[in-house]
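Each chain is listed here by its residues.
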Amino acid sequence: MQTRAHILCGVSLHPSARAALEQLGEVRELRRESLTVDLVDCDAVVAYGAPMSVNELETAGRLKVISCHSCPPELRSAAADRGIVVHEVPTLWETVADLTAGLVLAGARQIPQADAAVRHGQWSRADLKVRFSGRDVFGRTLGIVGLGRIGALLARRMSGFDMRMLYHDIRRRPDLESAFGLRFARLTEVVAAADFLVVLVPLNNSTRGLMDDAMFQLMKRDAFFINTSRGAVVDEDALIRALRSRRIAGAALDVFTREPLASDSPLLELSNVVLTPHLGGSTLDSDMALVEAVRRRLRD
């Protein structure tokens, strides 16, 4: 009698994707503290990033597939040497770019706030068009800090809104400048000129706390700040001060210094911020792509 596959899952999945994964075998949560033991009889791993180190991979005697959104080259190479398939879902960056574009629109047009007001019966008592009139996106300036895979895809999307687009990155992208009308500029110039400032940089020593009091002071008073990269690239206290004082018009955030967001976070009290719970790569389509890679390998 064939035993059911053992699958370690280290990512929150859409319920339908989770159900599809459970049809393939016994699904257990990936726990760092017991990973070397759990890998011994594991057939598949589903995770967001690198689920294990190269050394930990040595204990994985049955492992057939690692399905993830990103995998470092050294782990991919070690897995290949052991005949383990590593599948990186190629559409993650598109998914995050979609949410980022959505947050630009949600912040500009105050969509979540307007929805909440209508649901709470305020429309019959007040002219909500006055309160939630919002700002136009077309014809405004989009500043992108970090023109990597997600930044490039965001530029492609927002070019359809007839926006002027500036960017800053550690390297120039003449191909994207030509394709989407982007203009390269110094970081401070991008921050100061943007009507909508989007941060899409990786978290490292040079980007930690990149957006601090000085940066928020450079921004236009009617500008919006959007972060879908990592919470720690922003000095969250500085952002809260900028929002409270209306130094900037608003923000839309998918990532935070501490996750889940603390129940006493001042961000929850501010009416000029849109908050989402680190949803950037989370769609049914993206999650099903993770599961499909496991299905194909286990049924080979």
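Placed above this text is the structure.
Read on for a plain summary of the structure. All values derive from a computational prediction rather than experimental measurement.

Here the focus is the nonpolar core. Counting 33 residues, the largest nonpolar core has Leu142, Ile144, Met158, Met165, Leu182, Phe196 and Ile226 as the members making the most contacts within it. Mapped by element, the contributors of at least two residues to this core are α5 (92–109), β6 (141–145), α8 (149–158), β7 (164–168), α9 (174–180), β9 (196–199) and β10 (224–227). Of all the elements, α5 adds the most residues to this core, at ten residues. Among all residues touching Ile144, those that are not within four sequence positions of it are Gly151, Leu154, Ala155, Leu166, Tyr167, His168, Val190, Val198 and Leu200. Grouped together as the second largest cluster of nonpolar side chains are 31 residues, Met215, Phe216, Val234 and Ala242 included.

To continue, consider unusual backbone geometry. The step from Glu259 to Pro260 runs through a cis peptide bond, and the omega angle for that step is 0°. Looking at the element boundaries, Pro260 is found in the loop between β11 (250–253) and β12 (273–275). Despite not being glycine, Gln110 shows a phi value in the positive range, around 50°. With respect to the helices, strands and loops of the structure, Gln110 is situated in the loop between α5 and α6 (111–119). Although it is not a glycine, Asp162 sits at a positive phi angle of roughly 55°. Positionally, Asp162 belongs in the loop between α8 and β7.

In this fold, Asp285 is placed in helix α13 (residues 284–298). With a relative accessible area of 63%, Asp285 lands in the exposed category. Taking the C-alpha atoms as reference, Asp285 lies 9.1 Å from His14; in sequence the two are 271 residues apart.

As a further point, take the pattern of salt bridges. Opposite charge on two side chains makes pairing possible when the charged atoms of those side chains draw close. Scanning the entire structure with this criterion turns up 22 salt bridges. Between Asp43 and Arg62 there is a salt bridge; the shortest N-O distance is 2.6 Å. Of this pair, Asp43 sits in the loop between α2 (35–38) and β3 (44–46) while Arg62 sits in the loop between α3 (54–57) and β4 (65–68), and the two are 19 residues apart along the sequence. A relative accessible area of 5% means that Asp43 is categorised as buried. For Arg157, the salt bridge goes to Asp98, with nearest N and O atoms at 2.7 Å. A residue pair is termed long-range when its members are at least 10 positions apart, and Arg157 in helix α8 and Asp98 in helix α5 qualify at 59 residues. Taking relative accessible area as the criterion, Asp98 reaches 45% and is therefore assigned partly exposed. Shared partners join several salt bridges into a network, and the residues in it are Arg135, Arg140, Asp195, Lys220 and Asp222.

Moving on, we get to the packing of aromatic side chains. This model, assessed by the stated rule, comprises three aromatic pairs. Measuring from centroid to centroid gives 5.3 Å for Tyr167 and Phe184, while their planes differ by 70°, and the two rings are edge-to-face. Here Tyr167 is found in strand β7, whereas its partner Phe184 is found in strand β8 (residues 182–184), with 17 residues between them in sequence. Overall, Tyr167 belongs to the buried group, its relative accessible area being 0%. Exposure remark for Phe184: the relative accessible area of 26% places this residue in the partly exposed category. Each ring, one from Phe216 and one from Phe225, has its centre 5.4 Å from the other, and the planes form 85°; the classification is edge-to-face. As far as the burial class goes, Phe216 and Phe225 line up, both buried.

Let us now look at the side chain of Arg140. With respect to the helices and strands, Arg140 occurs in the loop between α7 (128–131) and β6. Excluding residues that lie within four positions of it along the chain, Arg140 makes contacts with Arg135, Met163, Arg164, Asp195, Phe196 and Asp222.

Scoring rules and cut-offs
Numbers given for residues are sequential positions, taken from 1 along each chain in its written order. Totals for whole chains, interfaces and linings use all residues, but because this is a predicted model, local features are given only for residues with pLDDT of at least 70 and pairs of side-chain atoms are given and counted only at 80 or more. In computing side-chain values, all of the structure's heavy atoms are included and hydrogens and water are not. Note on terminology: a nonpolar core comprises buried Ala, Val, Leu, Ile, Met, Phe, Trp, Tyr and Cys residues joined through side-chain atoms within 4.5 Å. When a residue's accessible area, from a 1.4 Å probe over protein chains only, is under 20% of the maximum for its type it is buried; when over 50% it is exposed; and in between it is partly exposed. A run of H or I in DSSP becomes a helix once it reaches four residues, and a run of E becomes a strand once it reaches two; helices and strands are each numbered from the N terminus. It only takes one pair of heavy atoms within 4.5 Å for two residues to be counted as in contact. Each reported salt bridge corresponds to a side-chain nitrogen of Lys or Arg within 4 Å of a carboxyl oxygen of Asp or Glu. A pair of aromatic rings is counted whenever rings of Phe, Tyr or Trp (Trp by its six-membered ring) have centres within 6.5 Å, and the orientation is called stacked for planes under 30 degrees apart, edge-to-face for over 60 and tilted otherwise.

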